[in-house]
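Listed below, chain by chain, are the residues.
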Amino acid sequence: MTEITPDTLAKTLKDSFGFSTFRPLQQEIVEDILAGRDVLALLPTGGGKSLCYQLPALLMPGLTLVISPLIALMKDQVDGLLENGIKAAYLNSSLTDEESKDTWRELYRGTIKLLYLSPERLLVEGMLDILEQLNLQFVAVDEAHCISSWGHDFRPEYRALKAVRARMPKVPILALTASATERVRGDIVDMLELRDPQLFVASFNRPNLSYRIVPRISPLKQILEVISSFKEESGIIYCLSRARTESVAQELVEKGISAEAYHAGLSSEERSRRQERFVKDETQVMVATVAFGMGIDKPDVRFVIHHDLPKNIESYYQETGRAGRDSLPSECVMLYSSSDAAKLRMFIEQLTDETERDVSSRQLSKLLQFAEGSECRRVALLGYFGETYKDDSGDPTSTCGACDNCLTPREEFDGTEVSQKIVSCVLRAQKHSGFAFGLNHIVDILMGSSVEKIKKLGHDQLSTYGAGKGHSRAEWLYYGRELVSKGLLRINYERFNVLEATQAGLDALKNRSLVMLKTPLVSSALSGDKRKEQRKRLGAVDYDEALFSRLRAWRVGVAKTKGLPAYMIFSDATLQAIAAKKPRRFDDLKGVSGIGEKKLALYGDEILEILAES
Ligand code: ADP
Ligand code: ZN
């Protein structure tokens, strides 16, 4: 092999992929692979894992094999590579005989640089023999955690990958994943029989994502607030149940938003159709259960909203991680309700397996601590994964300056009276009826509501009836939950989630102790200066927005003609960079990140024309 210098790498990165700089650890990984080493790389979603094998594949003389679990993603990857002028192909059940034959012909001719296969395909009789003849240089195993039964997505077929090492011991292996605990990591090394592998672990911080957790008070309005700050851009809304995905999608459609539901109850054809419409920007918002996400590589998802509480912090991280892979500022908003927590708690308590129950219950507590906490979200999230957040200067005590807790720390106020009213209302209702009630009913009493249930129970006779008119219903609900997290009230999950006063609550009531409460934060979107400050923190650049829109419109046309998703033509990041720099000449255009040789030749003139018109 000819010697490969950092200059060669930089040139190939620019010419073939259009990128001017490597993302963290990409260069190191590529260099080790080219040096013939085995590598295990843990990079977060959006970290740029694909490039770690695509680039070395171009610099090696023979064929690179990529093992990937998802057929849909193979096609996307190959389309993207072809669009960059890189010869790549896949073999799977979706191809016609004719297409397969063509691919085989090309493979034998040695023109193809990257071949994508599923693990099942790899083991088809004779496949390994053929690969051996085809001058296989290197194997990349994507989603390598699938090999471990300890991971969250175990695929037994992955176990068979052992055969590659056995058959072609000299071929280096690169294992890639976005999620791997110690145990899974060990499994990957053992099962793939990696030899003295170089381990790379990137920071799991996603600097371009902002995190925001707000009480779920009027979900539709809150969701619309987020969507409206993103114009036509893509987003995902995660819901817990299939029914909810349908109803939320329906509500959005009624408000004129292009939205569709996605869940495991739909036929697989229907699911792929909806997924494709989303990827091709024909549907703006996907309202989905967690069944959605694994199979999409769409890099320009601008927001992820959790309508319901995610399962645990890890799921939250994975699901929010689907936003902003292209590294442009993107938002993650969770609508939080303690009634979700109560439901989950009940569900967990019904689990029969004791270990599972313990684990889930601990995970839920951590999630609630995170959601209700006032610490910087980024610091807390990374801390959960054992990482210390540091800003650019490397300060380990820094905070992100872009999350809800950093930007709008909730003020504390003397909530003694508020808390007295709630606790005494809880006690009085219980005393009057002989049993306790849930938060909603308590708030009904405080608000002086005239619902049937109140009259029937005679709760309109209580002295606290109508005592809470100074605050809104939403605020009372919020304060009630605050008192639960402060330990003055507790939710009795065994008894229909009713509220009960704790000893601390009784003491506070008796002694009129000072209770500090936080003002609720209800807006799901930032406005004005705060939003500007946030976007700056997330790395936003200034660009000509009108020009960006024109470039996007042009891109839609090109993508349609080619039948490709728009992001494959150029990413939003690239269009923004063009709209910021406004290059006038071919050579200047070449300097823009995302424009390589092939795309420059294909689209350079058209872009310069659009620029000349403005
Ligand atoms: P992952 O698989 O780790 O989530 P991808 O390989 O899908 O990440 O890459 C995410 C996005 O980042 C893609 O749109 C890709 O084109 C882009 N990307 C990768 N490497 C770079 C780089 N060095 N500079 C700019 N963009 C990059
Ligand atoms: Zn923060």
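## Remarks on the domain arrangement of the chain
No. 1: In terms of domains, the chain is made up of domain 1 (6-201), domain 2 (209-407), domain 3 (412-518) and domain 4 (541-613).
No. 2: Taking the mean C-alpha position of each, domain 1 and domain 4 sit 29 Å from one another.
No. 3: Taken together, the contact pairs 13 residues of domain 1 with 17 residues of domain 4.
No. 4: Buried surface at the junction of domain 1 and domain 4, summed over both partners, amounts to about 1000 Å²; 48% is from carbon and sulfur atoms.
No. 5: It is Lys 14, Asp 15 and Glu 83 in domain 1 that bury the most area against domain 4; as a group they hold 50% of the surface buried on that side.
No. 6: The interface formed by domain 1 and domain 4 holds one salt bridge in total.
No. 7: Lys 562 serves as the salt-bridge partner of Glu 83, at 3.1 Å between the closest nitrogen and oxygen.
No. 8: Along the contact surface separating domain 1 from domain 4 lie eight residue pairs in polar contact (both at pLDDT 80 or more).
No. 9: For the side of domain 1 that touches domain 4, the secondary structure elements donating two or more residues are α1 (6-17) and α4 (71-83).
No. 10: A per-element tally of the side of domain 1 that touches domain 4 places α4 first, with five residues.

## What about the coordination of the zinc ion (ligand 2)?
Put simply, the ideal angle at a metal is 109.5 degrees for four donors in tetrahedral geometry and 90 or 180 degrees for six donors in octahedral geometry.
No. 1: Bound to the zinc ion (ligand 2) are the protein donor atoms Cys 376 (SG), Cys 400 (SG), Cys 403 (SG) and Cys 406 (SG), situated 2.3 to 2.4 Å from the metal.
No. 2: Coordination at the zinc ion (ligand 2) is tetrahedral: its four donor atoms span angles of 103 to 120° at the metal.
No. 3: Ordering the donors of the zinc ion (ligand 2) by residue number gives the pattern C-x23-C-x2-C-x2-C. Separated by 24 residues along the polypeptide, Cys 376 in the loop between α15 (354-372) and α16 (377-384) and Cys 400 in the loop between α16 and α17 (404-407) bring together distant segments of the chain.
No. 4: By relative accessible area, Cys 376 is classed as buried at 5%.
No. 5: Using a relative accessible area of 4% as the deciding quantity, one classes Cys 400 as buried.

## Considering the sheet that holds strand β8 (residues 209-215)
No. 1: Spatially, β8-β13-β12-β9-β11-β10 is the arrangement adopted by the six strands of the open sheet, whose pairing is parallel. Two strands bound the open sheet, and with one partner strand each, they are β8 and β10 (259-262). Shown here is a sheet whose adjacent strand axes are inclined to one another by a mean of 15°, direction ignored.
No. 2: Here strand β9 (residues 234-238) runs beside strand β12 (residues 301-306); their pairing, made up of five bridges, is parallel. What sits directly across from Ile 236, in β12, is Val 304.
No. 3: Contacts between helix α13 (residues 313-320) and the sheet are confined to β8, β9, β12 and β13 (330-336), with β12 contributing the most and set at about 150° to the helix.
No. 4: Sheet contacts for α15: β8 and β13; angle to β13, the most-contacted strand, approximately 110°.

Cut-off values and rules
Residues numbered from 1 in each chain as written. Chains lettered and ligands numbered in written order. Predicted model: local features only at pLDDT ≥ 70, side-chain atom pairs only at ≥ 80, totals over all residues. Heavy atoms only, no water. Domains from an automatic or database assignment. Contact = heavy atoms within 4.5 Å. Buried area = accessible area lost by both parts, 1.4 Å probe. Salt bridge = Lys/Arg side-chain N within 4 Å of Asp/Glu carboxyl O. Polar contact = N/O pair within 3.5 Å; in protein donor to acceptor, adjacent residues only side chain to side chain. Helix = DSSP H or I, 4+ residues; strand = E, 2+ residues; numbered from the N terminus. Donors = N, O, S within 2.8 Å, 3.2 Å for Na, K, Ca; no water. Tetrahedral: all angles 85-135°; square planar, octahedral: opposite > 155°, others 65-115°. Buried < 20%, exposed > 50% of the residue type's maximum accessible area, 1.4 Å probe, protein only. Pairing = 2+ DSSP bridges. Axes fitted to C-alpha atoms, helices over the stretch in contact; angles between N-to-C directions.

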